[in-house]
Amino acid sequence: MKENVQLTMKDIAREFNTSVATVSRALKDSPRISEEKRRAIQQYAKEHNFFPNFLAESLRNSKVMQPKIIGVIVPELAHYYFSTVLAGIEEEARARNYRIMVAQSNEKYEREVKICQSFYENKVCGIIVSQAKDTTKYDHFNQLLQNGVPLVFYDRICTGVNADRVVVDDYQGAFNAVSHLIETGCKRIAFFGSPMTLEISKNRFNGYQDALKRHGIEFDEKLALFCDNRSDAEAITPELLTKDNHPDAFFAVNDDTAIGIMYAAKRMGFKVPDDISICGFTNGQRAIACDPMLTTVEQRGKRVGEEAADILIGHVEGTIPRNKVERRIVRTRLIIRGTTR
C-alpha cells in the first residue's frame, strides 16, 4: 500500500478475499466470523492505522434516532477568539438539536491526531477543527474524509486538505489596519506574526506588505518578526525600540501580542499613541481592559462558529451535498480606539 493512501474496508476485503460485510463483522468482533479470521483482520487494520466508523452504517440500518454529536477541536480554550467561535458553534448546534464534544489540541500535532481518532471512535457525526500551530502533516484529516466523516476547518485551515472552511478576511483586515496606521502618519511599521506555516499568518502578512506597497513605503524585513504572544512581545519589543531608526507603529497578529508591545513601550517611556501606534487583531475583552484601549481588527468569532456548524449540519442532513466543498468568508472590521492616532 502506498504511503499516505488511506485504507478502506474495501481494501481490507480485497486483501483477505472476502466481503466488506465480513470485514465489518470482524472489526465488530462478531462471533459469526471465525476467531482466526477476526484476529487476522483486526491485526491488519491496526497495523495500517485503520479505525472503522460504524456511524454511517448504523444510521443506514437503524430507524432508532442516533445521538447527534459534533466533535470540535480548538487549539486553546483560554484564547478569547476560540471561545467565541465555540460559543457560535454551540448555539447553532443546540438550535438544530445537536450536541458538541469539545477537545483542545494545546497547539500539538500529536494531540490533534489522537483527538481525531477519539472523536471517530466515539462516532461523532462530523468534526469542526482549527489546526494546531505545529501541524504540517494532514493524514489524520484526510483519513476522516475518506471514511465519510464531514470535516469543517475554521480560522486555521489546511490547504492540502480538500475540505470545507470558514475564515475571516485576514488579508483585507490586515490591509485596512496597516493602511490606517500609515494614513495617521506612521512610516516604520513593524509586523509581529505567527509561523508562516499557517494560512492566516501568510494572509495577514501579505495584507501588511501590500498596504505598505500601496502607500509607497518600502518593506523592511528587519521589522517583520515571528512573535504571537504577550510574553514574547514584551521581550522582543525593547530590542526594536532601542534602535535609532526604531518603529513608530506595530501591527500584531493578535490582541495579546499587541498588548505586550504596548506595555513594553510604555515601560520604556514611550507614549502610546503619540510616539508609538499599535494595532491588534481579535477585539477580545482585553482590548478594552488595557490603557489606552486597543485599536484592533474585529474577527467576529461567534459568526465564524455559526457558519462552521451550519455547513457541517448541512452535510450531515443532506442539504449540502457531501461532494460539495463550502468556502465561506466572514468580514472583519477595524475598531479604532486609543492606541492609534
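Caption draft 1: Spatial organisation of the overall build of the chain. Across its full length, the chain carries 12 helices and 12 strands. Along the longest, intermediate and shortest principal axes, the C-alpha atoms of the chain span 80 × 40 × 30 Å. Out of the 341 residues in the chain, the part that is buried amounts to 50%. Partitioning the intrachain contacts of the chain with sequence separation of at least 6 by distance along the chain shows that 72% fall at a separation of at least 24. Carbon and sulfur atoms make up 47% of the accessible area of the chain, which amounts to about 16400 Å² in all.

Caption draft 2: Examining unusual backbone geometry more closely. Across the junction of Val272 and Pro273, the peptide omega takes the value 10 degrees, indicating a cis bond. Looking at the element boundaries, Pro273 is found in the loop between α11 (255–267) and β9 (277–282). Going from Asp291 to Pro292, the amide bond is cis rather than trans, its omega being 0 degrees. Along the chain, the position of Pro292 falls in the loop between β9 and β10 (295–298). Phi is positive for Lys123, which is not a glycine, with a value near 60 degrees. Along the chain, the position of Lys123 falls in the loop between α6 (109–121) and β3 (126–129).

Caption draft 3: Highlighting the side chain of Asp255. Locating Asp255 in the fold gives a position in helix α11. For the buried Asp255, no salt bridge exists, and the shortest N-O distance to an oppositely charged side chain is 6.2 Å, to Arg337. Within the structure, Asp255 has its side chain in polar contact with the backbone nitrogen of Phe281 (distance 3.0 Å). A polar side-chain atom of Asp255 sits 2.6 Å from a polar atom in the side chain of Thr296. With near-sequence residues (within four places) excluded, Asp255 lies in contact with Gly280, Phe281, Thr282, Asn283, Gly284, Ala287, Leu294 and Thr296.

Caption draft 4: Representation of the environment of Asn254. Residue placement: Asn254 occurs in the loop between β8 (249–252) and α11. We classify Asn254 as buried; its relative accessible area is 11%. Spatially, the C-alpha atoms of Asn254 and Arg230 are 9.3 Å apart, while their sequence positions differ by 24 residues. There is a polar contact of 3.4 Å between the side chain of Asn254 and the backbone nitrogen of Asp256.

Caption draft 5: Highlighting the sheet that holds β10. Taking strand neighbours across the sheet as the criterion, the 6 strands line up as β7-β6-β8-β9-β10-β12 in an open arrangement whose pairing is mixed. Of all strands in the sheet, those with a lone pairing partner are β7 (224–226) and β12 (333–335), marking the two edges. On average, adjacent strands in this sheet sit at an angle of 20 degrees to one another, irrespective of strand direction. In this structure, β10 lies alongside β12, joined through 3 bridges in antiparallel fashion. Paired with Thr296 across the bridge in β12 is Ile335. Set on the sheet, helix α9 (residues 199–214) makes contact with β6 (189–193), β7, β8 and β9; between it and β6 the angle comes to about 175 degrees.

Caption draft 6: Region of interest: the packing of α6 against helix α7 (residues 139–146). In contact at an axis separation of 9 Å, α6 and α7 are set at 15 degrees when each is read in the N-to-C sense. Put simply, α6 runs roughly parallel to α7. With respect to the hand of their crossing, α6 and α7 are arranged in left-handed fashion. Where α6 abuts α7, its residues Tyr109, Glu112, Val113, Cys116 and Tyr120 lie against His140, Phe141 and Leu144. Residues that form the contact of α6 with α7 fall into these classes: 6 nonpolar, 1 polar and 1 charged.

Caption draft 7: Main features of the packing of aromatic side chains. Following the criterion strictly, the structure yields 13 aromatic pairs and no others. Each ring, one from Tyr171 and one from Phe175, has its centre 6.2 Å from the other, and the planes form 20 degrees; the classification is stacked. With a gap of 4 residues between them, Tyr171 and Phe175 both fall in helix α8 (residues 170–183), about one helical turn apart. Judged by its relative accessible area of 10%, Phe175 falls in the buried class. Through pairs of rings, three or more aromatic residues link up here, namely Phe191, Phe205, Tyr208, Phe219, Phe251 and Phe281. Here Lys68 stacks its cationic end above the ring of Tyr98, 4.5 Å away from the centre of that ring. The ring of Phe281 is capped by Arg204, whose NZ or CZ atom sits 3.8 Å from the centre of that ring.

Caption draft 8: A look at the packing of helix α10 (residues 230–241) against α11. Running from N to C, α10 and α11 cross one another at 45 degrees; their axes reach a closest spacing of 8 Å. Between α10 and α11, the interaxial angle falls into the category oblique. The crossing of α10 and α11 is right-handed. Judged by residue contacts, Arg230, Ala233, Glu234, Thr237, Pro238 and Leu241 of α10 engage Asp256, Thr257, Ile259, Gly260, Ile261, Tyr263, Ala264, Ala265 and Arg267 from α11. Across the contact of α10 with α11, the residue classes break down as 8 nonpolar, 3 polar and 4 charged.

Parameters and conventions
Residues numbered from 1 in each chain as written. Predicted model: local features only at pLDDT ≥ 70, side-chain atom pairs only at ≥ 80, totals over all residues. Heavy atoms only, no water. Helix = DSSP H or I, 4+ residues; strand = E, 2+ residues; numbered from the N terminus. Buried < 20%, exposed > 50% of the residue type's maximum accessible area, 1.4 Å probe, protein only. Contact = heavy atoms within 4.5 Å. Areas by Shrake-Rupley, 256 points an atom, 1.4 Å probe, with all protein chains shown as cover. Lys, Arg positive; Asp, Glu negative; His and termini not counted. Salt bridge = Lys/Arg side-chain N within 4 Å of Asp/Glu carboxyl O. Polar contact = N/O pair within 3.5 Å; in protein donor to acceptor, adjacent residues only side chain to side chain. Pairing = 2+ DSSP bridges. Axes fitted to C-alpha atoms, helices over the stretch in contact; angles between N-to-C directions. Parallel < 35°, antiparallel > 145°, perpendicular 65-115°, else oblique. Left-handed = near helix turned anticlockwise from the far one by under 90°. Nonpolar A, V, L, I, M, F, W, Y, C, P; charged D, E, K, R; others polar. Phe/Tyr/Trp six-rings, centres within 6.5 Å; stacked < 30°, edge-to-face > 60°. Lys NZ or Arg CZ within 6 Å of the ring centre and 35° of its normal.

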